[in-house]
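A structural walkthrough
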Amino acid sequence: MTYAYDCHMHILPLSHIPLSAYLDFALSNGKEEAFAQFTTQNYVVDGILKKKGDALNLVNVFERRPFDVLALYEDDLRATYDGKLDPVINGGGISVKGADKNLHYDRLVLCPQVMDFNLPKKLSTYYSDAPRHDIMEQAEEILSGIDEYRKKRPDGLLEIRPFIGINPLNYGLTYIEDFLNRNFPKKHLLFGKKAKFSGIKVYPPLGFDPNPDDLKLREKNELLFTFCEEHKIPIVTHCDDQGFRVLPLEESFKYTSPERWGPVLKRHPELRIDFAHFGQQYNKNRSSSGGLVERLFGGKSKNPFEAFREMKEYRQYEWQIEILRLMREYPNVYSDMSFGGSDKECWVNLKSVLDRASDDERKIYESRILFGTDWPLNLVKIPSVLQYWHGFAESGLDSDFTDRMLRVNPENFLSGKKP
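Summarised in this report is the structure supplied together with it.

Judged by how many residues are buried, strand E5 (residues 107-114) sits mostly within the fold: 8 of 8 residues are covered. The alternating pattern of E5 places Arg107, Val109, Cys111 and Gln113 and Leu108, Leu110, Pro112 and Val114 on opposite faces, both of which are buried. In this structure, strand E1 (residues 3-9) lies alongside E5, joined through 5 bridges in parallel fashion. When the sheet's bridge partners are listed, Tyr5 is paired in E5 with Val109. Note that E5 and strand E6 (residues 158-160) share 3 bridges and pair parallel.

Put into structure tokens, the structure is as follows:
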């Protein structure tokens, strides 16, 4: 039995998304959000406001029950909605066209990222307490949807291995310990029935700081990291400068940057971590130092966008370079190509990275890159997950590396095996 993997996709029930907190932040920080939309392709706000058709397609998926989301993904890959593109799921298996040969797999493993949207904060609204979004309630709803898929589609070709989100900084040590022991029994097996989840999801733009200066807060993270390192439980961290953000730009950049994980990996060198989205930076003026918005809107220039154009801090690949460095230094650092693969430039950049690397570096990188889609969030850029898979097949990557991204690397990442 051979498996292909989509290591990064989502099941996002609309009732669990903190729209009030997200919109409250955006509306309360108008200048900064205007700048963010001017300089990025923010796939929550900008996509919805500027691309009505795509936004409706995305909301269409958000409104579905977890089982229906899984069924939709499978039906989409069967080309149920598209009469022009060849199906990816056909003939009882998964087919992907490689550059020099076609690849075939028996089943497809999906890794939904269940995000911790519980935000203990006050809002500027009359009802100032933020609605509760309990991570375990959301997780149980998604697990029930997975069970429903197995029952209603016994011949379906999807295996579902979800990652559960947590921001340990929002909880006490007792809760975190109980959370880990409940969801990850000591014998954590990839295809076993004992573990409910295959890994952990963390999300810096929602307030997660990998390496807080406050030692009491850091102790909470250390409980998580020590547990994951000991039991070989993989972690996926959001690593592009878009997304669900309730922090000021500079703070979000600081927490999201892979540099923030450097001290963590020094303390936990065997930690298994996937820096999602290959560290893509859409913001054309990424700065890790403070004062970005102040310089734009509080400086001498009367036109903030003129000031933006004059700045010399544009380093689109800063995070990507740091991820590659961490890959060379630590044995279990990975990165996935989700969301960014909607653009051909993403695959051109990846090929360029590999071609510029030394033989030893290339061997490391090719053993650590994972395939992912970020569906349905990528629907603000493309109409379907089928089209994303076709874009990957047309990337020009050689078939051996394509197979590594789809099969070998994910199995190593999820199972704890060495690359």
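Bringing the environment of Glu229 into the picture now. Assignment of secondary structure puts Glu229 in helix H8 (residues 215-231). Each C-alpha atom of the pair Glu229 and His268 lies 6.8 Å from the other, and the pair is 39 residues apart in sequence. Not counting the four nearest positions on each side in its chain, Glu229 is found in contact with Arg267, His268, Pro269, Glu270 and Leu271.

Another aspect to go through is the packing of helix H13 (residues 318-329) against helix H15 (residues 359-366). To characterise two packed helices, one gives the angle between the axes of the helices and the distance between these axes. Between H13 and H15, the least distance of the axes is 10 Å, while the angle of their chain directions is 95 degrees. With respect to each other, H13 and H15 are oriented roughly perpendicular. Here Leu324, Met327 and Arg328 of H13 lie close against H15, whose contacting residues are Glu361, Ile364 and Tyr365. For the contact of H13 with H15, a count of residues per class yields 4 nonpolar, no polar and 2 charged.

As a further point, take the packing of aromatic side chains. Within the structure shown, the criterion is met by 15 aromatic pairs. Taking 6.2 Å as the distance between ring centres and 75 degrees as the angle between the ring planes, the aromatic pair formed by Phe253 and Trp319 counts as edge-to-face. Placement of Phe253 in helix H9 (residues 249-256) and of Trp319 in helix H13 is noted, with a sequence separation of 66 residues between them. The exposure classification of Phe253 matches that of Trp319, with both residues buried. Ring centres 4.9 Å apart and planes at 55 degrees place the aromatic pair Tyr334 and Phe413 in the tilted group. Taken together, the residues span a long stretch of sequence, with Tyr334 in strand E11 (residues 333-336) and Phe413 in helix H17 (residues 399-415) at a distance of 79 residues.

With that settled, the discussion passes to the state of the cysteines. Applying the stated criterion to the full structure yields 0 disulfides. The structure places no disulfide on Cys111, whose sulfur is separated from the nearest cysteine sulfur, that of Cys7, by 5.1 Å. Given the relative accessible area of 0%, Cys111 is considered buried.

Looking now at helix H6 (residues 135-152). Three or four residues apart is the spacing at which side chains of an α-helix point the same way, because the helix has 3.6 residues per turn. With 18 residues, H6 should cover 26 Å at 1.5 Å per step; its first-to-last C-alpha distance of 26 Å lies within 8% of that length. Among all positions in H6, only Ile135, Met136, Gln138, Ala139, Ile142, Leu143, Gly145, Ile146, Glu148 and Tyr149 are buried. Among the structural elements, helix H5 (66-77), E5, E6, strand E7 (163-165) and helix H7 (173-183) are those in contact with the buried residues of H6. Sitting at the head of H6, Asp134 places a side-chain oxygen 3.0 Å from the backbone nitrogen of Met136.

Take the sheet that holds strand E4 (residues 102-105) next. The pairing of strands in a sheet happens through backbone hydrogen bonds and is either parallel or antiparallel. With antiparallel pairing, 3 strands are arranged side by side in an open sheet as E2-E3-E4. Two strands close off the open sheet at either side, each with one partner strand: strand E2 (89-90) and E4. One ladder, built from 2 bridges, connects E2 with strand E3 (residues 93-97); its direction is antiparallel. Each residue of the ladder has a partner; that of Asn90, found in E3, is Gly93. Most of the contacts of H17 go to E4, to which it runs at about 25 degrees, and overall it touches E3 and E4.

Turning next to the nonpolar core. Membership of the largest hydrophobic core comes to 106 residues, with the highest contact counts inside it found for Ile200, Leu350, Trp389 and Met405. Beyond its immediate sequence surroundings of up to four residues, Trp389 is in contact with Tyr73, Leu77, Val88, Val96, Leu108, Phe371, Thr373 and Leu406. Counting residues in hydrophobic clusters, the runner-up holds 12 residues, among them Phe163, Tyr334, Leu370 and Phe413.

Conventions and cut-offs
Residues numbered from 1 in each chain as written. Predicted model: local features only at pLDDT ≥ 70, side-chain atom pairs only at ≥ 80, totals over all residues. Heavy atoms only, no water. Buried < 20%, exposed > 50% of the residue type's maximum accessible area, 1.4 Å probe, protein only. Helix = DSSP H or I, 4+ residues; strand = E, 2+ residues; numbered from the N terminus. Pairing = 2+ DSSP bridges. Contact = heavy atoms within 4.5 Å. Axes fitted to C-alpha atoms, helices over the stretch in contact; angles between N-to-C directions. Parallel < 35°, antiparallel > 145°, perpendicular 65-115°, else oblique. Nonpolar A, V, L, I, M, F, W, Y, C, P; charged D, E, K, R; others polar. Phe/Tyr/Trp six-rings, centres within 6.5 Å; stacked < 30°, edge-to-face > 60°. Disulfide = S-S within 2.5 Å. Expected span 1.5 Å × (residues − 1). Polar contact = N/O pair within 3.5 Å; in protein donor to acceptor, adjacent residues only side chain to side chain. Core = buried A, V, L, I, M, F, W, Y, C linked by side-chain atoms within 4.5 Å.

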